[in-house]
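Architecture at a glance
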Amino acid sequence: MSAAERSPGLAARPLAVLPPLILLGLLAALPLLNLGANSVKVLFLTFVSIAASVGWNILGGFAGQVSFGFAVFYGLGAYTTAVGINEGLNPYLTYPLAGAVAALASLLVGLPTFRLRGPYFAIATIGVSEATRVVMTNLEFTGGASGYRITEHVPFRQLEHYFTGLMLAALAVGLSIIVRRSRFGLGLRAIRDDQDAAADSGVNPYALKLGAHAIAAALTAAAGGVYARYAAFIDPEGVFGFPRGVGILLMPVIGGVNTIWGPVIGGGVYGVIEEELVARFPQLHLLLYGVLVMLIILFEPGGVVGLLQRTRRFVLRRREASWQPS
Amino acid sequence: MAALLSVEGLTKRFSGLAALDQVSFEIREGEIVGLIGPNGAGKTTLFSIIAGSQPPTSGKILFEGRDFTRVKPFRAVHAGIARTHQIPQPFLSMTVRENVEVGLRFGRDPGGARNLVKEVTEILELVGIASLENMAAVTLSVGDLKRLELARTLATRPRLLLCDEVCAGLTECEMQSILGLLRRIQALGTTIIYVEHNLRAILSTCHHVIVLNFGKKLAEGPPETMQNDPAVIEAYIGKKA
Ligand SMILES: Nc1ncnc2c1ncn2[C@@H]1O[C@H](COP(=O)(O)OP(=O)(O)OP(=O)(O)O)[C@@H](O)[C@H]1O
Ligand SMILES: [Mg+2]
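Since the model is a prediction, treat every value here as computed from it, not as a measurement.

1. Let's talk about the coordination of the magnesium ion (ligand 2)
Residues and elements named next belong to chain B. For the magnesium ion (ligand 2), the full set of protein donor atoms is Thr44 (OG1) and Gln86 (OE1), at a range of 1.9 to 2.2 Å. Of the two residues, Thr44 is situated in helix H1 (residues 43–51) and Gln86 in the loop between strand E6 (81–83) and helix H3 (96–106); the sequence distance between them amounts to 42 residues. Owing to a relative accessible area of 29%, Thr44 belongs among the partly exposed residues under this scheme.

2. Concerning the side chain of Ser67 of chain A
Residue and element names in this part refer to chain A. Among the secondary structure elements, Ser67 is positioned in the loop between helix H3 (37–62) and helix H4 (71–86). Assessed through its relative accessible area of 2%, Ser67 is described here as buried. With residues near it in sequence (within four places) discarded, Ser67 still touches Trp56, Leu59, Phe121, Thr125 and Leu249.

3. Examining the site of ligand 1
Residue and element names in this part refer to chain B. Near ligand 1 lie 13 residues; those nearest to it are Asn39, Lys43, Thr44, Thr45 and Gln86. Measuring from an oxygen atom of ligand 1, one finds a backbone N or O atom of Gly42 at 2.9 Å. At 3.4 Å, a side-chain N or O of Glu165 approaches an oxygen atom of ligand 1. Here ligand 1 has 640 Å² of accessible area as a free molecule, and 63% of this is covered by the chains. Contributions of two or more residues to the shell around ligand 1 are made by strand E2 (17–27) and H1. It is H1 that provides the largest number of residues to the shell around ligand 1, a total of 3 residues. Split by residue class, the shell around ligand 1 holds 4 nonpolar, 7 polar and 2 charged.

4. Brief notes about the packing of H3 of chain B against helix H5 (residues 142–154) of chain B
All names here are of chain B. It is at 7 Å that the axes of H3 and H5 come closest, and there the two elements cross at 30 degrees. In terms of axis orientation, H3 runs roughly parallel to H5. Across the interface between the two elements, Val96, Asn99, Val100 and Gly103 from H3 touch Leu148, Ala151 and Arg152 from H5.

5. Comments concerning the pattern of salt bridges
Two side chains bearing opposite charge may form a pair once their charged atoms approach each other closely. Summed over all chains, the structure comprises 19 salt bridges over all chains. With a shortest N-O distance of 3.3 Å, Glu149 of chain B and Arg152 of chain B are connected by a salt bridge. In this pair, Glu149 of chain B and Arg152 of chain B are both assigned in helix H5, 3 residues apart and thus about one turn of the helix distant. The two residues Glu149 of chain B and Arg152 of chain B agree in class, both being buried. Via salt bridges that share partners, Glu152, Arg157, Glu160 and Arg229 of chain A belong to a single interconnected network.

6. Looking at the pairing of E2 of chain B
All names here are of chain B. The pairing of strand E1 (residues 5–14) with E2 spans 7 bridges and is classified as antiparallel. Looking at the pairing, Arg13 lines up with Ala18 of E2. As consecutive antiparallel partners, E1 and E2 are separated by 2 residues, and within that stretch Ser15 has a phi angle of approximately 35 degrees, a positive value.

7. Side note on a nonpolar patch on the surface
Taken together, the side chains of Leu277, Phe281, Leu284, Leu287, Leu288, Val291, Met294, Leu295, Leu298 and Phe299 of chain A make up a nonpolar region of the molecular surface, amounting to roughly 950 Å² of accessible area. Inspection of the secondary structure assignment puts Leu295 of chain A in helix H14 (residues 285–299).

8. Some words on H4 of chain A
Residues and elements named next belong to chain A. Across its 16 residues, H4 extends 22 Å between first and last C-alpha, which sits within 8% of the 22 Å expected from 1.5 Å per residue. Most of H4 is tucked away: 15 of the 16 residues are buried. Positive backbone phi, at 95 degrees, marks Gly88, one or two positions downstream of H4.

9. Focus: the interface of chain A and chain B
Each side of the interface is counted separately: chain A has 22 residues, and chain B has 26 residues. Surface buried jointly by chain A and chain B totals about 2,100 Å² across both partners, of which 57% is contributed by carbon and sulfur atoms. On the surface where chain A and chain B come into contact, there are 1 salt bridge. The partner of Arg189 of chain A in a salt bridge is Glu98 of chain B, and the shortest N-O contact between them spans 3.2 Å. On inspection of chain A and its partner chain B, the count reaches 8 residue pairs in polar contact (both at pLDDT 80 or more). When residues of the side of chain A that touches chain B are traced back to their parent elements, those giving at least two are helix H1 (2–5), helix H8 (183–193), helix H9 (195–200) and helix H10 (205–231) of chain A. If you tally residues by element for the side of chain A that touches chain B, the top one is H8 of chain A, at 6 residues.

10. A look at the packing of helix H5 (residues 91–113) of chain A against H10 of chain A
Residues and elements named next belong to chain A. Relative orientation of the contacting elements H5 and H10 amounts to 140 degrees, with a least axis distance of 7 Å. The hand of the H5/H10 crossing is right-handed. Classifying every residue of the contact of H5 with H10 gives 18 nonpolar, 5 polar and 1 charged.

11. Re the sheet that holds strand E3 (residues 32–36) of chain B
Residue and element names in this part refer to chain B. If you trace the 6 strands from one edge of the open sheet to the other, you get E6-E7-E8-E3-E9-E10, paired in mixed fashion. Every other strand in the sheet has two partners, leaving E6 and strand E10 (216–221) as the edge strands with one partner each. Across the sheet, the mean angle separating the axes of adjacent strands is 20 degrees when strand polarity is ignored. Pairing of E6 with strand E7 (residues 160–164) involves 3 bridges; the strand directions are parallel. Paired with Ile81 across the bridge in E7 is Leu160. Against the sheet, H5 engages E6 and E7, with an angle of about 160 degrees to E7.

12. Comments concerning the domain arrangement of chain B
Residues and elements named next belong to chain B. Domain assignment breaks chain B into domain 1 (1–80 + 158–241) and domain 2 (88–156). The C-alpha centroid of domain 2 is placed 24 Å from the C-alpha centroid of domain 1. Tallying the contact residues gives 18 residues for domain 1 and 12 residues for domain 2. The junction of domain 1 with domain 2 conceals about 1,400 Å² of combined surface from both sides, 69% of it contributed by carbon and sulfur atoms. Counting across the interface, domain 1 meets domain 2 through 0 salt bridges. Where domain 1 meets domain 2, there are 3 residue pairs in polar contact (both at pLDDT 80 or more).

13. Points about the sheet that holds strand E4 (residues 58–63) of chain B
Residue and element names in this part refer to chain B. Pairing in this open sheet of 4 strands is antiparallel, and the strands run E2-E1-E4-E5 from one edge to the other. At either margin of the open sheet sits one strand with a lone partner, and together these are E2 and strand E5 (66–67). The pairing of E1 with E4 spans 5 bridges and is classified as antiparallel. Each residue of the ladder has a partner; that of Thr11, found in E4, is Ser58.

Rules used throughout
Residues numbered from 1 in each chain as written. Chains lettered and ligands numbered in written order. Predicted model: local features only at pLDDT ≥ 70, side-chain atom pairs only at ≥ 80, totals over all residues. Heavy atoms only, no water. Donors = N, O, S within 2.8 Å, 3.2 Å for Na, K, Ca; no water. Helix = DSSP H or I, 4+ residues; strand = E, 2+ residues; numbered from the N terminus. Buried < 20%, exposed > 50% of the residue type's maximum accessible area, 1.4 Å probe, protein only. Contact = heavy atoms within 4.5 Å. Near = heavy atom within 4 Å. Polar contact = N/O pair within 3.5 Å; in protein donor to acceptor, adjacent residues only side chain to side chain. Areas by Shrake-Rupley, 256 points an atom, 1.4 Å probe, with all protein chains shown as cover. Nonpolar A, V, L, I, M, F, W, Y, C, P; charged D, E, K, R; others polar. Axes fitted to C-alpha atoms, helices over the stretch in contact; angles between N-to-C directions. Parallel < 35°, antiparallel > 145°, perpendicular 65-115°, else oblique. Salt bridge = Lys/Arg side-chain N within 4 Å of Asp/Glu carboxyl O. Pairing = 2+ DSSP bridges. Patch = residues over 30% accessible without salt bridge, like charges linked within 9 Å, V, L, I, M, F, W, Y side chains within 5 Å. Expected span 1.5 Å × (residues − 1). Buried area = accessible area lost by both parts, 1.4 Å probe. Left-handed = near helix turned anticlockwise from the far one by under 90°. Domains from an automatic or database assignment.

Listed below in C-alpha cells is the structure:
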C-alpha cells in the first residue's frame with residue numbers, strides 16, 4: 001500500500017538513523033585510503049552540491065515553490081565568505097554570516113515574489129537572478145566582472161575543505177529531516193498540495209514560504225561560501241550565473257524532489273557528471289542535462305528515488321507472485 | 001444575546017453579475033442555521049467571503065462584534081471560522097490522519113503539549129472514517145472524501161462551522177449519519193451554518209433557515225414557516241400557473 005510506504009517518521013523506526021550515520025562515518029574515514037587529490041576534490045564539490053541541493057529542496061520540494069534563482073544565494077554566500085576572509089574574519093565565522101546575509105536577501109526576494117503563484121513565481125526568480133548577476137558584474141568593490149580573489153595566509157589543506165564540505169552536507173540533511181518532521185514541515189506539505197486548502201486549515205502560506213525560502217537560502221549560501229574558500233577565486237559569471245541556479249534546481253529533480261534522500265543522490269550524480277563528463281565533453285553539457293530532464297519528466301517524475309521505489313515495489317510483487325503455490 | 005456572526009449589506013459583484021446583493025443576517029451562538037436557495041443563489045460565495053477566501057464588493061462582516069470583513073483565511077480559522085468545500089479539497093499527498101493533523105496543528109488551538117494521535121483518532125471516529133486513517137487521501141471514495149473534508153475542518157476546532165453541501169451525492173443512509181453528526185457537533189458547542197438542497201434534511205436539522213435567491217435574501221425564519229412561505233415556494237418550484 002502506498003500510504004504505508006510513506007515514511008512514518010524516524011520515531012517509529014529508530015534504526016532508520018543508522019544507515020545515514022554509517023554513511024557519514026564511511027565518508028569521514030574515506031581520506032584514510034589516501035585518495036588522490038582529484039578524487040578528494042570531486043567528493044568535496046559533491047558535498048557542496050548536496051548542501052545546496054538539499055537546501056533548495058526545502059523550498060522547491062517540501063513547499064513546492066520552484067525557484068530558478070538560487071544562484072543569488074549561492075553567489076551572495078560565496079562573496080560574503082570571500083570578502084569576510086579578506087577582511088580577516090575566521091573562515092568558519094563567514095559561513096553563518098553568509099547564511100544570514102542570504103536569509104535576509106531571501107526575504108527581499110520572497111516578499112514580492114511569493115505574492116505570485118506557480119509558474120509566475122518561477123519566472124520572477126529568473127528575473128531576480130539575472131538582475132543580481134548584472135549588479136555584481138558592475139560592482140567595483142568586488143572587482144566587477146573580472147572576479148575576486150581570496151588571500152589566506154595559511155597553507156592550503158585539501159582535507160580541511162573535505163571535512164568542512166562533509167559537515168555542511170550532513171548539517172543540511174539533518175536540518176531537512178528536522179523540517180520534514182516538524183509542524184512547519186507539515187504546513188509546507190499542505191501548501192504544496194493545495195495552498196488555498198492549507199490557508200483554510202489555518203496555515204499562513206506566505207509566512208511559511210518565507211521561512212522555507214530563508215532556510216533554503218542560508219544553506220545554499222553556506223555552500224557557496226565553502227566553495228569560494230576552496231576555489232580562492234570567484235567571479236559573477238561563475239557563482240551568480242543562471243546555469244548555477246539551474247544546476248541547483250536540477251540536482252533534486254534528478255534525485256527525486258520532495259524527498260530527504262533524492263537531493264542527496266541528485267547532488268552526487270550531478271557532482272560526478274559535472275566533474276567527469278563536462279570536463280571531457282564541455283560542448284555536451286547542456287544537451288546532456290536537457291535530455292536527462294526530459295527523460296525524468298517523461299518517465300519518472302520522482303527522480304532516482306522514485307525509480308528505486310518503483311523497482312522495490314516491482315521486486316516485492318514478483319517475489320509475492322512466485323510464492324503463490326502453483 | 002449578542003450575535004456570533006453578523007453580516008451587514010454584503011454585496012459581491014462578478015463583472016456585472018451580483019452574486020450577493022445587500023445580504024444581511026445574524027447568527028446566534030449554538031444554532032444550526034440552514035442556508036438554502038436554488039443553484040447560483042450565492043450560497044458558496046457567501047461562505048467564501050465569510051471565510052476570507054474572497055473579498056466582498058461592499059458590506060460588512062462582524063464576528064463576535066469584531067470586524068472580519070476582509071480577513072485573511074488563516075486568521076478567520078484562528079478566530080474560529082472554518083468551512084468545508086462543496087467539492088472536497090483534501091491534501092492529496094497525505095494520509096487521512098495527516099490531513100486532519102494539519103487542522104489540529106494550525107487551527108484555532110495549535111498548542112504544543114498535547115496528544116495529537118489521540119485527538120486525530122477522536123475526530124476520525126466522530127466522522128466515521130477511523131478505519132481509513134492510514135489510507136492515502138487520493139484513494140478515498142466520494143462519500144469518504146466528504147467525511148474527510150468535515151474532519152479536516154473540525155480539526156481546526158471551529159466555533160462557527162460553514163458546511164457547504166456535505167451531503168450532496170451521498171445515499172439517504174449516509175446523509176442521515178452526517179446529519180446526526182452535525183447535531184452532535186452542535187451539541188458539543190459549535191455553531192453551524194449549513195447549506196443544503198435537500199429540504200427534508202434542513203427541516204429535520206436546523207433551528208432557523210435563511211433563503212437566498214439570485215443573491216438576495218428572500219426570507220428567513222423557523223423551518224416550518226419557510227416551508228410554507230409563498231416566496232420560497234416560488235423560488236424553488238417556479239410560479240404556479
Ligand atoms: N469566481 C467567480 N467568477 C464569476 N462568477 C462567479 C464566481 N463564483 C461564483 N460566480 C457566480 O455567482 C453566482 C453565485 O454562485 P455560488 O457558487 O455562490 O452559488 P451557490 O448558491 O453556491 O450555487 P450551488 O447551489 O450551485 O452551489 C453564480 O451565478 C455563479 O456563476
Ligand atoms: Mg455552492
